[in-house]
Amino acid sequence: MITNKRSQELLMLATTGKPLNKDATEEEKKFYEECKHDYKVMLETAKKHGIKNPIMEIPFEIDF
């Protein structure tokens with residue numbers, strides 16, 4: 001399971017175009033690739049709808 005913090009880190013890497021670390025797990029690699037794809041689709045969709053500066057984020061989990 002990928003932690004919320006790690007998910008945030010992987011999303012940041014994917015959306016900025018930075019490469020994934022070589023020691024990443026298979027689950028992290030899959031998540032990274034999915035983020036890259038989702039980000040590309042989001043940008044294309046935003047452009048079609050005239051949305052400027054779209055943001056993709058993962059909300060933080062709150063433990064009570």
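Quick caveat: nothing in here was measured; it's all calculated off a predicted structure. (Residues numbered from 1 in each chain as written. Predicted model: local features only at pLDDT ≥ 70, side-chain atom pairs only at ≥ 80, totals over all residues. Heavy atoms only, no water.)

Engineer: Would you take a moment to explain helix α2 (residues 26–49) for this structure?
Structural biologist: Because the α-helix completes a turn every 3.6 residues, residues three or four places apart line up on one side. Compared with an ideal rise of 1.5 Å per residue, which puts 24 residues at 34 Å, α2 spans 35 Å between its outermost C-alpha atoms and is within 8% of the ideal. Looking only at α2, the buried set comprises E28, Y32, C35, M42 and A46. Along its buried surface, α2 packs onto α1 (4–16). (Helix = DSSP H or I, 4+ residues; strand = E, 2+ residues; numbered from the N terminus. Expected span 1.5 Å × (residues − 1). Buried < 20%, exposed > 50% of the residue type's maximum accessible area, 1.4 Å probe, protein only. Contact = heavy atoms within 4.5 Å.)

Engineer: Explain the side chain of S7 here, please?
Structural biologist: Structurally, S7 can be placed in helix α1. In this structure, S7 is in contact with I2, F31 and I58, ignoring residues within four places of it in sequence.

Engineer: Looking at this structure, I do not really get the packing of α1 against α2. What am I missing?
Structural biologist: The angle between the axes and the distance between the axes are what describe a pair of packed helices. The contact between α1 and α2 brings their axes to 9 Å, and the two run at 50 degrees. Comparing their axes, α2 and α1 come out oblique. You can see that α1 and α2 cross each other, and the crossing is right-handed. Along the contact surface, α1 presents R6, S7, L10, L11, L13, A14 and T15, while α2 presents E28, F31, Y32, C35, K36 and Y39. (Axes fitted to C-alpha atoms, helices over the stretch in contact; angles between N-to-C directions. Parallel < 35°, antiparallel > 145°, perpendicular 65-115°, else oblique. Left-handed = near helix turned anticlockwise from the far one by under 90°.)

Engineer: Is there a simple way to explain unusual backbone geometry in this structure?
Structural biologist: Outside of glycine, negative phi angles account for most residues, and trans bonds account for most peptide bonds. Of note, N53 is a non-glycine position whose phi angle comes to about 55 degrees, a positive value. Secondary-structure assignment places N53 in the segment after α2. Judged by relative accessible area, which is 70%, N53 ranks as exposed.

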